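# Coordinates in review
As a plain string of letters, each chain reads:
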Amino acid sequence: MDTLRFDLVDIVKAIQKKFRFILIMTIIAALLGVVFCLVKKKKYKAATRFLVANPLTGDHNYLFRNHETRFVDYNGGDDDLDRVTAFANSDTVHDRIIRNCQFQIVYNADINTPKGHAFLMDIFNKNFNIKRTEYKDMEISYMAYDSVTASNVANMSVKVLEEVYRNYYASIRQDIYNSIKHKLADVDSQVNVLTDTLGRLRDQYKIYGIISPTRQTMINGDVKGGGNGYGKALEVVQNIEATKDQLVEDRAKFASILNEFSASFNEDMRFLKVISKADPPMDPKGPGLLITAIVAAMLGLFFSVVYVLLMAYYKMVNSIQR
């Protein structure tokens, strides 16, 4: 029985014998690659880069330095970048971007129907990308068949993301502001009630001196008045005055805090700073004509050689078996 042998010499002979076939297949593959590159619809990728600011720089405690001087890094940390990434990958942000960029016109779909909206969201998710860089900034990129559309979507993404990210902190401060504002209104109501009560008591018992025990700088003067129940009225006036003075002090403090919080969620603050705006790209994404032709030729060469070697080996096996 003959021993099957297919070594390097046999491989070289098989390739030499079918060299013309291999060459033709390589040329055909390169031509197909060129045709594919010319026929394929080109996509353009636009990217914008931005820095994330530390949201604590907009806090009222940092803005007004009420208690002590605290130095806060202006650049956001890893947690802040994670939050920005979470917002950027949310459906809420994606929906606002596709509506602002008029995707229903660009991709010819009805955004108001569930099917059309899902179609546009799927297109956006496939072509949208956000990533960090090694310099602690972030990059948003978008791919589209039109270069202007790609740059518009990338720039709009940063704009929408900045609004959502800023409103996240602004809404928290707005809630605190509203809570203090409601408390201030409640204190105002109490002060008005106490003022009316004190006015009646003073007129009734002719007590017009300042007799609040909480006013430590007050010099005791002559408190005039009289009538039945004057002593008790004097004590009641002192108690009410003490309460009213504290409420008035609280009201002034609440008003001051409201002014501080109103500055902390001002729209002039920006937490995302664009350092590289997305311009319409001039060159399409992906390998060019030459690279495509070379890659296609290499693939054609590889598979044609494999085919020739397999056929030569199969032929040798059949000849030995016979």
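Above this note sits the structure.
In this report, we go over the structure that sits alongside the text.

## Examining the overall build of the protein chain
Along the backbone of the protein chain there are ten helices and four strands. Starting at the N terminus, the α and β elements of the protein chain follow one another as α-α-β-α-α-α-α-α-β-β-α-α-β-α. Here the protein chain, with 322 residues, has 36% of them falling under the buried criterion. Taking the contacts inside the protein chain whose residues are at least 6 apart along the sequence as the reference set, 76% of them involve residues at least 24 apart. If you sum the accessible surface of the protein chain, you get close to 20800 Å²; carbon and sulfur atoms cover 57% of it.

## Considerations on the packing of helix H5 (residues 91-100) against helix H7 (residues 114-127)
Running from N to C, H5 and H7 point in directions that differ by 100 degrees, and their axes come no closer than 10 Å. Taken together, H5 and H7 sit at an angle that is classed as roughly perpendicular. On the side of H5, the interface is formed by Asp91, His94, Asp95, Ile97, Ile98 and Arg99, while H7 contributes His117, Leu120, Met121, Phe124 and Asn125.

## Focus: the nonpolar core
In this structure, Phe50, Phe103 and Tyr142 are the most contacted members of the largest nonpolar core, which totals 37 residues. The set of elements that each furnish at least two residues to this core consists of strand S1 (44-52), helix H4 (78-88), H5, H7, strand S2 (128-132), strand S3 (138-144) and helix H8 (147-205). Sort the elements by how many residues they give to this core and H8 lands first, with nine residues. Within the second largest apolar cluster, 18 residues are counted, among which are Ile180, Val187, Val191 and Ala233.

## Considerations on the sheet that holds S2
Backbone-to-backbone hydrogen bonds pair the strands of a sheet. The strands run either parallel or antiparallel. Taken together, the four strands give an open sheet; going across it, the order is S2-S3-S1-S4, and neighbouring strands pair in antiparallel fashion. The open sheet has two free edges, formed respectively by S2 and strand S4 (272-276), since each of these has just one partner strand. Ignoring strand direction, the axes of neighbouring strands in this sheet form an average angle of 30 degrees. Taken together, the seven bridges between S1 and S3 define a ladder with antiparallel strand orientation. Residue pairing across strands places Arg49 opposite Glu139, the latter belonging to S3.

## Quick notes on the packing of H4 against H8
As a packed pair, H4 and H8 sit with axes 10 Å apart at the nearest point and diverge in direction by 120 degrees. As judged from the angle between their axes, H4 and H8 are oblique. Between H4 and H8 the crossing geometry is right-handed. Residues Asp80, Arg83, Val84, Phe87 and Ala88 of H4 pack against Leu161, Val164, Tyr165, Tyr168 and Tyr169 of H8. For the contact of H4 with H8, a count of residues per class yields eight nonpolar, no polar and two charged.

## Examining the side chain of Asn127
Residue position: Asn127 is located in helix H7. For Asn127, a relative accessible area of 12% translates into the label buried. Not counting chain neighbours up to four residues away, the residues in contact with Asn127 comprise Lys43, Ser141, Tyr142 and Met143.

## A word on the pairing of S1
Looking along a regular strand, one sees the side chains alternate between the two faces of the sheet. Here S1 shows a buried face lined by Tyr44, Ala46, Thr48, Phe50 and Val52 and an unburied face lined by Lys45, Ala47, Arg49 and Leu51. For S1 and S4, the ladder comprises four bridges, and the chain directions are antiparallel. Bridge pairing in S4 places Val52 opposite Leu272.

## Some remarks on the pattern of salt bridges
Using the criterion set out here, one finds eleven salt bridges in the structure. For the salt bridge of Asp95 with Arg99, the shortest nitrogen-to-oxygen distance reads 3.0 Å. Here Asp95 and its partner Arg99 are both found in helix H5, four residues apart, which amounts to about one turn of the helix. Of the charged contacts, one joins Lys131 and Glu139 as a salt bridge, the two residues approaching to 3.7 Å between their closest N and O atoms. Bridged by salt links that share partners, the residues Asp78, Asp82 and Arg132 form one connected network.

Here is what the cut-offs are and how they apply
Residues numbered from 1 in each chain as written. Predicted model: local features only at pLDDT ≥ 70, side-chain atom pairs only at ≥ 80, totals over all residues. Heavy atoms only, no water. Helix = DSSP H or I, 4+ residues; strand = E, 2+ residues; numbered from the N terminus. Buried < 20%, exposed > 50% of the residue type's maximum accessible area, 1.4 Å probe, protein only. Contact = heavy atoms within 4.5 Å. Areas by Shrake-Rupley, 256 points an atom, 1.4 Å probe, with all protein chains shown as cover. Axes fitted to C-alpha atoms, helices over the stretch in contact; angles between N-to-C directions. Parallel < 35°, antiparallel > 145°, perpendicular 65-115°, else oblique. Core = buried A, V, L, I, M, F, W, Y, C linked by side-chain atoms within 4.5 Å. Pairing = 2+ DSSP bridges. Left-handed = near helix turned anticlockwise from the far one by under 90°. Nonpolar A, V, L, I, M, F, W, Y, C, P; charged D, E, K, R; others polar. Salt bridge = Lys/Arg side-chain N within 4 Å of Asp/Glu carboxyl O.

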